[in-house]
Amino acid sequence: MKHVGYFHPALRVIHWLMAAAIVAMLFIGVAMVATVSSLHSLLVTIHKPLGLMILVLVVVRLWLRFTTVTPALPSTIPAWQRGMAHLSHWALYAMMLIQPLIGWGMLSAAGVPIALGGKWLLPPILPVNNDWYAILRPLHTLVALMLFITVLLHLAAALFHALVLRDGVFASMSGSRRR
Amino acid sequence: MIPTPLSTGQKTLRLLLIGLVPLVILVLFLWAGGWLTPERLTSDKLVSVLQQAGGEHPGYRRNHAKGICVIGTFASNGNASALSRAALFAPGDTPVTGRFAIAGGNPSAPDYAVPVRSMALAFQQKDGEQWRTGMNAMPLFPVATPEGFYALQTATLPDPATGKPDPQKLGAFVEKYPEFKAFLAWAKQYVPSSSWASDRFNSLNAFRFIDKTGAAHLVRWSMVPHAAYQAISAADKNNKDFLQQDLQQRLNQGPLEWDLVITVAQPGDDGSNATKVWPADRQTINAGTLVLTRAVPQQQGPCNDINYDPLILPDGIAASDDPLLNARSAAYAKSYNLRTHEQAQQTGTHL
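Bear in mind the structure is a predicted one, so any value in this text is a computation, not a measurement. (Residues numbered from 1 in each chain as written. Chains lettered and ligands numbered in written order. Predicted model: local features only at pLDDT ≥ 70, side-chain atom pairs only at ≥ 80, totals over all residues. Heavy atoms only, no water.)

Colleague: Where do I start with the overall build of chain A in this structure?
Modeller: Looking only at helices and strands, chain A features 5 helices and 2 strands. The order of helices and strands in chain A, counted from the N terminus, is α-α-α-β-β-α-α. Considering only C-alpha atoms, chain A reaches an extent of 50 × 30 × 30 Å along its principal axes. Look at the contacts in chain A between residues 6 or more apart in sequence, and 71% of them connect residues 24 or more apart. For chain A, the computed accessible surface area is about 9,500 Å², with 75% contributed by carbon and sulfur atoms. (Helix = DSSP H or I, 4+ residues; strand = E, 2+ residues; numbered from the N terminus. Contact = heavy atoms within 4.5 Å. Areas by Shrake-Rupley, 256 points an atom, 1.4 Å probe, with all protein chains shown as cover.)

Colleague: Whenever I open this one, the UniProt feature "transmembrane region" (unreviewed entry) in chain A confuses me. Can you help?
Modeller: Residues and elements named next belong to chain A. The sites that carry the UniProt feature "transmembrane region" (unreviewed entry) are, in the present numbering, residues 12–34, 46–64, 90–122 and 142–165. Taken end to end, residues 90–122 comprises 64% helix and 21% strand; its first and last C-alpha atoms sit 27 Å apart. With 100% helix and 0% strand, residues 142–165 has end C-alpha atoms that lie 33 Å from one another. (UniProt positions renumbered as here; feature names shortened; annotations may be inferred.)

Colleague: I'm lost on the interface of chain B and chain A in this one. Help?
Modeller: One frequent convention defines the size of an interface as the accessible area lost when the parts assemble. Listed by partner, the interface residues are 49 residues for chain B and 39 residues for chain A. When the two sides are added together, the surface that chain B and chain A hide from each other amounts to roughly 3,700 Å², 67% of it contributed by carbon and sulfur. Among the salt bridges present, the one from Glu-129 of chain B reaches Lys-119 of chain A, with a minimum N-O distance of 3.0 Å. Taken together, the connections running from chain B to chain A amount to 12 residue pairs in polar contact (both at pLDDT 80 or more). When residues of the side of chain B that touches chain A are traced back to their parent elements, those giving at least two are α1 (8–32), α2 (43–54), β4 (130–136) and α8 (323–347) of chain B. In terms of residue class, the side of chain B that touches chain A is made up of 26 nonpolar, 15 polar and 8 charged. (Buried area = accessible area lost by both parts, 1.4 Å probe. Salt bridge = Lys/Arg side-chain N within 4 Å of Asp/Glu carboxyl O. Polar contact = N/O pair within 3.5 Å; in protein donor to acceptor, adjacent residues only side chain to side chain. Nonpolar A, V, L, I, M, F, W, Y, C, P; charged D, E, K, R; others polar.)

Colleague: It is not clear to me how the UniProt feature "binding site: heme" (unreviewed entry) in chain B should be interpreted in this structure. Could you clarify?
Modeller: Residues and elements named next belong to chain B. Within this numbering scheme, the UniProt entry marks Tyr-332 as carrying the feature "binding site: heme" (unreviewed entry). Along the chain, Tyr-332 turns up in helix α8. Under the relative-accessibility criterion, Tyr-332 is labelled partly exposed at 29%. Residue contacts for Tyr-332: discarding those within four places in its chain leaves Asn-307, Tyr-308, Asp-309 and Pro-310. (Buried < 20%, exposed > 50% of the residue type's maximum accessible area, 1.4 Å probe, protein only.)

Colleague: How do you make sense of the pattern of salt bridges when you look at a structure like this?
Modeller: Side-chain pairs of opposite charge can arise whenever the charged atoms involved come near each other. One pass over the structure, following the stated rule, counts 11 salt bridges over all chains. In this structure, Lys-66 of chain B engages Asp-111 of chain B in a salt bridge whose closest nitrogen and oxygen atoms are separated by 2.8 Å. Pair noted here: Lys-66 of chain B is in strand β1 (residues 66–76) and Asp-111 of chain B is in the loop between β2 (92–102) and β3 (117–124), with a separation of 45 residues, a long-range link. Each member of the pair, Lys-66 of chain B together with Asp-111 of chain B, is buried. Arg-250 of chain B is paired through a salt bridge with Asp-246 of chain B; the nearest N and O atoms lie 3.0 Å apart. With Arg-250 of chain B and Asp-246 of chain B both in helix α7 (residues 242–253) and 4 residues apart, the pair spans about one turn of that helix. Taken together, the salt bridges that share partners define one network made up of Lys-119 of chain A together with Asp-127 and Glu-129 of chain B.

Colleague: I would appreciate a short explanation of the packing of aromatic side chains in the present structure.
Modeller: How two aromatic rings sit relative to each other is set out by the distance from centre to centre and by the angle between their planes. Residue and element names in this part refer to chain B. Under the defined criterion, the tally for this structure stands at 23 aromatic pairs over all chains. The interplanar angle of 80° and the centroid separation of 4.8 Å between the aromatic rings of Trp-131 and Trp-221 together place this pair among those described as edge-to-face. One end of the pair, Trp-131, is in strand β4; the other, Trp-221, is in strand β7 (residues 216–225), and 90 residues separate them in sequence. The exposure classification of Trp-131 matches that of Trp-221, with both residues buried. (Phe/Tyr/Trp six-rings, centres within 6.5 Å; stacked < 30°, edge-to-face > 60°.)

Colleague: What exactly am I supposed to notice about the domain arrangement of chain B here?
Modeller: Considered domain by domain, chain B is made up of domain 1 (7–37) and domain 2 (41–347). Once you take the C-alpha centre of each, domain 1 of chain B and domain 2 of chain B turn out to be 46 Å apart. (Domains from an automatic or database assignment.)

Colleague: What should I look at first to understand the state of the cysteines in this one?
Modeller: Disulfide: a covalent bond formed between the sulfur atoms of two cysteine residues. All names here are of chain B. Taken as a whole and judged by the stated rule, the model has 1 disulfide over all chains. The disulfide bridge from Cys-69 ends at Cys-303, spanning 2.0 Å between sulfur atoms. Here Cys-69 and Cys-303 share a disulfide; its torsion about the S-S bond, -80°, makes the bridge left-handed. A residue pair is termed long-range when its members are at least 10 positions apart, and Cys-69 in strand β1 and Cys-303 in the loop between β9 (284–297) and β10 (317–319) qualify at 234 residues. Pair check on accessibility: Cys-69 and Cys-303 agree, each one buried. (Disulfide = S-S within 2.5 Å.)

Colleague: Explain the packing of helix α3 (residues 79–110) of chain A against helix α4 (residues 130–165) of chain A to me, please; I cannot follow it from the model alone.
Modeller: Each pair of packed helices can be summarised by the angle the axes make with each other and by the distance between the axes. Residues and elements named next belong to chain A. Packing of α3 against α4 leaves a shortest axis separation of 9 Å and a crossing angle of 150°. Taken together, the axes of α3 and α4 lie roughly antiparallel to each other. The crossing of α3 and α4 is left-handed. Taken together, the residues of the contact of α3 with α4 sort by class into 16 nonpolar, 8 polar and 1 charged. (Axes fitted to C-alpha atoms, helices over the stretch in contact; angles between N-to-C directions. Parallel < 35°, antiparallel > 145°, perpendicular 65-115°, else oblique. Left-handed = near helix turned anticlockwise from the far one by under 90°.)

Colleague: Honestly, α7 of chain B in this entry has me stumped. Any pointers?
Modeller: The periodicity of an α-helix, 3.6 residues per turn, causes residues three or four positions apart to be oriented the same way. Residues and elements named next belong to chain B. Taking 1.5 Å as the rise per residue, α7 with 12 residues should run 16 Å; its terminal C-alpha atoms sit 17 Å apart, in good agreement. Among all positions of α7, only Phe-242, Leu-243, Asp-246, Leu-247 and Leu-251 are buried. What you see down the axis of α7 is that its buried residues fit within an arc of 155°, all on one side. Exposed residues lying more than 90 degrees from the buried face of α7 are Gln-249 and Asn-252. Turning to α7, the residues buried within the fold contact β1, β2, β3, α6 (234–237), β8 (256–264) and β9. Two residues or fewer after α7 comes Gly-254, characterised by a positive phi angle close to 160°. (Expected span 1.5 Å × (residues − 1). Arc of directions from axis to C-beta.)

The following block contains the structure:
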């Protein structure tokens, strides 16, 4: 098997694009449900197309993740930490994939047209149904909070690799090959 | 390449930084959600004060809790299509799912006790877009801002000692929000009608109609009844559900009709203040007729699970800068989330 030091360039671009989009999305979500100011409708308007963008990006990303060679973790990392690293990554992928689908599903169940701007609408993926909405709406909040906490842990771990261990793990996602 | 080892001081500093970055993000997140600023008005606070006023009634709307579903059609005559490119204003019929209600959070309040009534409508366009609107049978809103609405609800909460609102608190409220005086003056002389069918329902908030060229027109609208006004009777005052019974009886005899009348602002008219009525000489356009044919109790009815969010608008209708619109949208969503969850719990389907 080929050994590489870095993630595929396209994966690195998508990673940082999604990092920005997801952090923005989590802040937009929590702010838009709380505020009664004119920010409310502005944030709601951004939330839907941005959610769709994240969904598209995560599908492309998973495809790339399965079809490209990824860098191995350094051998200096203990087994339990490797386990944690893999678990958190797959948890992140799962949440990034499922969260936009929950949002899409809950709006479908609420019977609300999912406007992407102008006359563009997303088709519903569930029939109008209160019971589905009642399950998906709180789930959307729960997954958002879990995603937020996992992102913070992921960030702390990445910074730990970058600033303290300096073992090339952070560079495998951030870096370009040094000549 | 093996990095040079860090000194203990360097390592401590870097660990602190690693802890600090997620902590700062967490604090910002809590701030964005309103948890660090308890004095800031949020949708949660609006809904809880309504709940305090009307009592807790799981599975019901937090305001306008008592109502009935209606089904019908909007027959557009095409007159408004010059002002708005929304599909429902082209000549033709659009199906409508509506709801009549009385204000307040108590689903078993006697109809007579609540003079303010509402009509909410969801127009389902063929292209999948919807127009949802909640209108009230009063000519102006009591307050201009969400903060004013919150203050009004707080000031009119019953005093635990007397069971009635504290007149001192109400006085302090009027002093701070003098715009309320116009509503008081209207309420004093207002005699409620004997029927939802003869009420005129007004959008109160202004909106913008967008025409085919993309130009915006500031408007308000009203549903003007075909049925003649009849003042509330002595018998009505003793019948808890006279509005629902009257509606059912009328619909048994035939459909009920309203004209959708659009009022167009002139330059200088204020679209951001729902306490200010525009002068009576403003141009009006009759956009078509709402024909309601059937009523269904709300618990089993199709309107029960509809959130009549005034910001669910089709292309061709847009919000104005009236600050109440965003607050209504945010608070309705909160109320909708609560009651759908409670309804699912009541039927045993829940998370």
